[in-house]
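Report on the structure
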Amino acid sequence: MKRLEYSRRVFTLGALAGLGVTAACGNGVGSTGASEIDARSDQVLADMYRQYPNTQDLAAKANGILVMPLVTEAGLWLGGAYGRGALRIGGSTVDYYSMTEASAGFQIGGQQYSHVLFFMTEDALNSFRTGPGWAVGGDIEYVISDQGDGAAASTTTALSPVLAAVFNRAGLFAGVSLEGNKYTRIIP
């Protein structure tokens, strides 16, 4: 009985720590809305194009780009991530989305990062926009997955319907993966 009570306390503390760190990181929750998301998205795209010039070619070929300027992730056994961003088509924002993730397992730490999804086919973009909530699956291909990686579209990535760039990491957390993230349209 004592062991079960201890496990519940550890579980509860882990969940509260993950939520507390995520809420405290200033990732746009309660922000001024659309104008702030657009400004952050502009800055992240400028940073990405400067750090990884080949992403400009990907952006030019993409049917749409989802820019998540700041995603905050935290965990202590249980974890979560949250961020808000803008979907751009032809250089203009057409919708706003939130990204959420819940995870469990051996994990500890917190980090923030930016990520951009390039929708390379019209079908992929339409599937994203018309679904009630879109979850990233195993068919995503990374063109930037960590600082120091180059960004280039090989013949393998050129055939992928969705390409991902994950960059600007800050903090300490064991790994980052977009699998299991859920994207939902929001009104900021």
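The shown structure was predicted, so the numbers you read here are calculated from the model rather than taken from an experiment.

Rules behind the numbers
- Residues numbered from 1 in each chain as written.
- Predicted model: local features only at pLDDT ≥ 70, side-chain atom pairs only at ≥ 80, totals over all residues.
- Heavy atoms only, no water.
- Helix = DSSP H or I, 4+ residues; strand = E, 2+ residues; numbered from the N terminus.
- Buried < 20%, exposed > 50% of the residue type's maximum accessible area, 1.4 Å probe, protein only.
- Contact = heavy atoms within 4.5 Å.
- Areas by Shrake-Rupley, 256 points an atom, 1.4 Å probe, with all protein chains shown as cover.
- Core = buried A, V, L, I, M, F, W, Y, C linked by side-chain atoms within 4.5 Å.
- pLDDT = per-residue confidence, 0-100.
- Arc of directions from axis to C-beta.

**Comments concerning the overall build of the protein**
Along its length, the protein carries five helices and six strands. Counting helices and strands in the order they occur from the N terminus, the protein gives α-α-α-β-β-α-β-β-α-β-β. Looking at the protein residue by residue over its 188 residues, the buried ones come to 40%. Considering only residue pairs separated by 6 or more positions, the protein has 72% of its internal contacts joining residues 24 or more positions apart. A total of about 9,600 Å² of accessible surface is found on the protein, and carbon and sulfur atoms cover 57% of it.

**Looking at the nonpolar core**
Core analysis: the biggest nonpolar cluster contains 18 residues, and Leu66, Leu87, Leu117, Phe119, Phe128, Trp134 and Tyr183 have the highest contact counts within it. Counting only elements with at least two residues in this core, the list comes to strand 1 (64–89), strand 2 (92–119), helix 4 (122–130) and strand 5 (162–173). One finds Tyr52, Ala62, Met120 and Phe167 within the second-largest nonpolar core, a separate group that totals 16 residues.

**Some thoughts on the confidence of the model for the protein**
On average, residues of the protein score 77 in pLDDT, and 68% of them reach the 70 mark or higher. Helix 2 (residues 34–51) holds the highest mean pLDDT among the elements of the protein, 96, whereas helix 5 (residues 155–158) holds the lowest, 44. Note that residues 10–31 has pLDDT below 50 and, in this model, 28 contacts with residues that lie over four places away or in other chains. In the predicted structure, residues 146–157 sits below a pLDDT of 50 and forms 23 contacts with residues beyond four places in sequence or in another chain.

**Concerning helix 4**
Within helix 4, the full set of buried residues consists of Ala124, Leu125 and Phe128. The arc that holds every buried residue of helix 4, seen down its axis, measures 95 degrees, which confines them to one face. More than 90 degrees from the buried face of helix 4, the exposed residues found are Asp123 and Thr130.

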